[in-house]
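Analysis of the macromolecular model
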Amino acid sequence: MSAGFRAVQWNRKKLIYDAIVLAGVAIFLAAFLAVGTWIKPPQNPAEAIDLRIRAFGSCAFTMLTLILAIGPLARLDRRLLPLLYNRRHFGVMTFLVASLHVWFMLDWYITLGALPSLAEELTRWPDYARFIGFPFKTLGIVAFMVLFLMAATSHDFWLVMLTPKAWKALHMAVYGAYGLVVMHVALGIMQTDRTPLIPLMLFGGFGAVAALHLVAGFRERDRGTAVRDGWIVVGPPRAIPDQAALIVAAPGGERIAVFRDGRQIGALTNLCAHQNGPLGEGRIIDGYVTCPWHGYQYRLADGCAPAPFTEKLETHRVRIRDGIVEVDPRPLPPGTPAAVMCDKASL
Amino acid sequence: MRRAHRSIHRLVWPILALAVMLGVVTALALRAPPEEPTQEARP
C-alpha cells in the first residue's frame, strides 16, 4: 500500500482562520499572565514558571473544549461549518500550546534542580491506588501522548495511509484525552488552589461539551423508516428539500442520504469517502453533493467525484411508485449511476 | 460509521462523561482544607 504526499493546500480562508486562532491564543496567554502577575506577583523564577504552566495549561484546556464543541455546533447551525473545515489546524495548535505547558513543567523542576523527584513522583506505585493523591501528571502525560499522535497524523497523507476508518477511530480518542485532562486538573491544581475559577472552568467546559453533543444527538435521532416490498419508503419528492437531503436508515445498518436536485433524486451512502463525514447533512453546491465537513464533492447521478478527483461512493437504486420515493437498501458498487428524475407535477 | 458503531458510541460516551463528572465532583468534595502557605507549591 502506498500513499502520495501532497503539501498542505493553503488558501486565504485557511490563513484567516489560523490568524484568528493564533491571535486568540496570544490574547488569552497575555491576559492570563498579566492578570496572574497583577493578582500575585511572582517572587522568584519558580513562581514565574508556575504562572506560565497555568497559563498554557488553561489555554490548551480551553482550546480542546472549543474543538470538541465545534462538531455539534456545526451540526446545530450550518453557518458555523467554516469552523469545522480547518479544525485540524486548531488541533495542531492545541498540541503546540500543550507542549509548552509540558515544557514549562519540566523547566520548573530543572530550575529547582528537582528533576529526579519528578521521576520518583511518577513511579510511586502505591499512589496509583489512591484517588486523592493519584499521580495526576500521569493523566496529563497520557492525554498529551494522544494529542501528539493526533497532531502527528493530522495530515491527509496519514488519512490515506491509515484508511479513513482507522484514522477516524484514532482521532475519536480525543474524547478520552479530554476526560483525562479534566481529571488531570481536578486531581492536580484543583486540590491545592482554592480559587472557584478552576471547578467553574471544569464544569463549564465539560458540561458545555456534553450538553452540545446531547442536543445535537437528540436532533439526529433516527427517523422512523418504513419499508415496503424490501424498499425504504422516503416520502413524496417534495418532502426532500431541494438541493439537500433526507437521511434514512437501512434496516440492517447503513444510513443513506437521499438528495434532490430539482427533479433529480439520487441516494448515496451517508459516509463521505474522505473522513466518513455525514454527507446527508451537506448540500448540493455547484451541481455537486458537497460534504459539510471538508467540502468533498460528488455527482448525485453516480456518486463519483468530479475529475481530477477519483473518490467514488456507493449508490442506491431509487424508484418512484405511486408518487412516493423509495430506495433500495442494498448498496450498488461505488460509482454506479442510480439517480432518477421525478415529474414536475410531483414537486 | 455504521449504525452498530454509532450505537456503541452513544452508549459509551455518556458513561464516560458521567464517570468524569463524578470524578470531578468527588475530587472537589474530598480535597483537603486550605493550609497556611508554608511550603512552595508544586506545579
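Residues numbered from 1 in each chain as written. Chains lettered and ligands numbered in written order. Predicted model: local features only at pLDDT ≥ 70, side-chain atom pairs only at ≥ 80, totals over all residues. Heavy atoms only, no water.

Residues and elements named next belong to chain A. Relative to the assigned elements, Arg260 resides in strand S4 (residues 255-261). Polar contacts involving the side chain of Arg260 include one to the main-chain carbonyl oxygen of Pro237, which spans 3.2 Å. Among residues more than four places away in sequence, those in contact with Arg260 are Pro237, Ile240, Pro241, Asp242, Gln243, Ala244, Ile265, Ile284 and Leu347. (Helix = DSSP H or I, 4+ residues; strand = E, 2+ residues; numbered from the N terminus. Polar contact = N/O pair within 3.5 Å; in protein donor to acceptor, adjacent residues only side chain to side chain. Contact = heavy atoms within 4.5 Å.)

Another aspect to go through is the sheet that holds strand S8 (residues 297-298) of chain A. All names here are of chain A. What the 3 strands build is an open sheet, ordered S6-S7-S8; its pairing is antiparallel. Lying at the two open borders of the sheet, with one neighbouring strand each, are strand S6 (283-285) and S8. Sheet topology places S6 next to strand S7 (residues 288-290); 3 bridges connect them, and they run antiparallel. Bridge pairing in S7 links Ile284 to Val289. (Pairing = 2+ DSSP bridges.)

Once that is clear, we can look at the domain arrangement of chain A. Residues and elements named next belong to chain A. We note that the domain assignment places domain 1 (12-220) and domain 2 (227-346) within chain A. A C-alpha centroid distance of 39 Å is found between domain 1 and domain 2. Summing the contributions of domain 1 and of domain 2, the shared interface buries around 1100 Å²; its carbon and sulfur component is 45%. Summed over the shared surface of domain 1 and domain 2, the result is 0 residue pairs in polar contact (both at pLDDT 80 or more). (Domains from an automatic or database assignment. Buried area = accessible area lost by both parts, 1.4 Å probe.)

Here, disulfide denotes a covalent bond that connects the sulfur atoms of two cysteines. Across all of its chains, the model carries 0 disulfides over all chains by this definition. With no disulfide of its own, Cys291 of chain A lies closest to Cys272 of chain A among cysteine sulfurs, the gap being 3.9 Å. (Disulfide = S-S within 2.5 Å.)

What follows deals with the interface of chain A and chain B. Contacts between the two partners involve 43 residues from chain A, matched on the other side by 27 residues from chain B. Summed over both sides, the interface of chain A with chain B buries roughly 3000 Å², with 63% coming from carbon and sulfur. Our enumeration of links across chain A and chain B arrives at 0 salt bridges. Our count for the chain A to chain B interface comes out at 4 residue pairs in polar contact (both at pLDDT 80 or more). Of all the secondary-structure elements, those providing two or more residues to the side of chain A that touches chain B are helix H2 (45-76), helix H4 (87-111), helix H5 (115-122), helix H6 (136-152), helix H9 (173-187), helix H10 (189-192) and helix H11 (197-219) of chain A. The element that contributes the greatest number of residues to the side of chain A that touches chain B is H11 of chain A, accounting for 8 residues. Looking at the side of chain A that touches chain B residue by residue, the class counts come to 23 nonpolar, 10 polar and 10 charged. (Salt bridge = Lys/Arg side-chain N within 4 Å of Asp/Glu carboxyl O. Nonpolar A, V, L, I, M, F, W, Y, C, P; charged D, E, K, R; others polar.)

So, on to the packing of aromatic side chains. All names here are of chain A. Evaluation of the coordinates by the stated rule reveals 10 aromatic pairs over all chains. Centroid distance Phe95 to Phe144: 5.3 Å. Interplanar angle 20°. Geometry classified as stacked. With Phe95 in helix H4 and Phe144 in helix H6, this residue pair connects regions lying 49 residues apart in the sequence. By relative accessible area, which is 13% here, Phe95 ends up buried. Judged by centre distance (5.3 Å) and plane angle (80°), the rings of Tyr128 and Phe134 are edge-to-face. Pairwise contacts between aromatic rings join Phe61, Tyr178 and Phe206 into one cluster. One residue, Arg319, lies across the ring of Trp231, its end atom 4.1 Å from the ring centre. (Phe/Tyr/Trp six-rings, centres within 6.5 Å; stacked < 30°, edge-to-face > 60°. Buried < 20%, exposed > 50% of the residue type's maximum accessible area, 1.4 Å probe, protein only. Lys NZ or Arg CZ within 6 Å of the ring centre and 35° of its normal.)

Take the packing of H2 of chain A against H4 of chain A next. Residues and elements named next belong to chain A. It is the contact of H2 with H4, at a shortest axis distance of 8 Å, that shows an interaxial angle of 160°. Classified by the angle between their axes, H2 and H4 sit roughly antiparallel to one another. Considering only the axes of H2 and H4, their crossing is left-handed. A per-class count over the contact of H2 with H4 returns 20 nonpolar, 6 polar and 4 charged. (Axes fitted to C-alpha atoms, helices over the stretch in contact; angles between N-to-C directions. Parallel < 35°, antiparallel > 145°, perpendicular 65-115°, else oblique. Left-handed = near helix turned anticlockwise from the far one by under 90°.)

In this section: the pattern of salt bridges. Residue and element names in this part refer to chain A. A complete count under the given rule lists 14 salt bridges over all chains for this structure. The partner of Arg54 in a salt bridge is Asp193, and the shortest N-O contact between them spans 2.6 Å. Of this pair, Arg54 sits in helix H2 while Asp193 is found in the loop between H10 and H11, placing the two residues 139 residues apart along the sequence. Arg54 gets classed as partly exposed once you look at its relative accessible area, which sits at 26%. As a salt-bridge pair, Arg319 and Glu326 come within 2.7 Å of each other at their nearest N and O atoms. Among the charged side chains, a network of salt bridges with common partners joins Arg228, Asp229, Arg319, Arg321 and Glu326.

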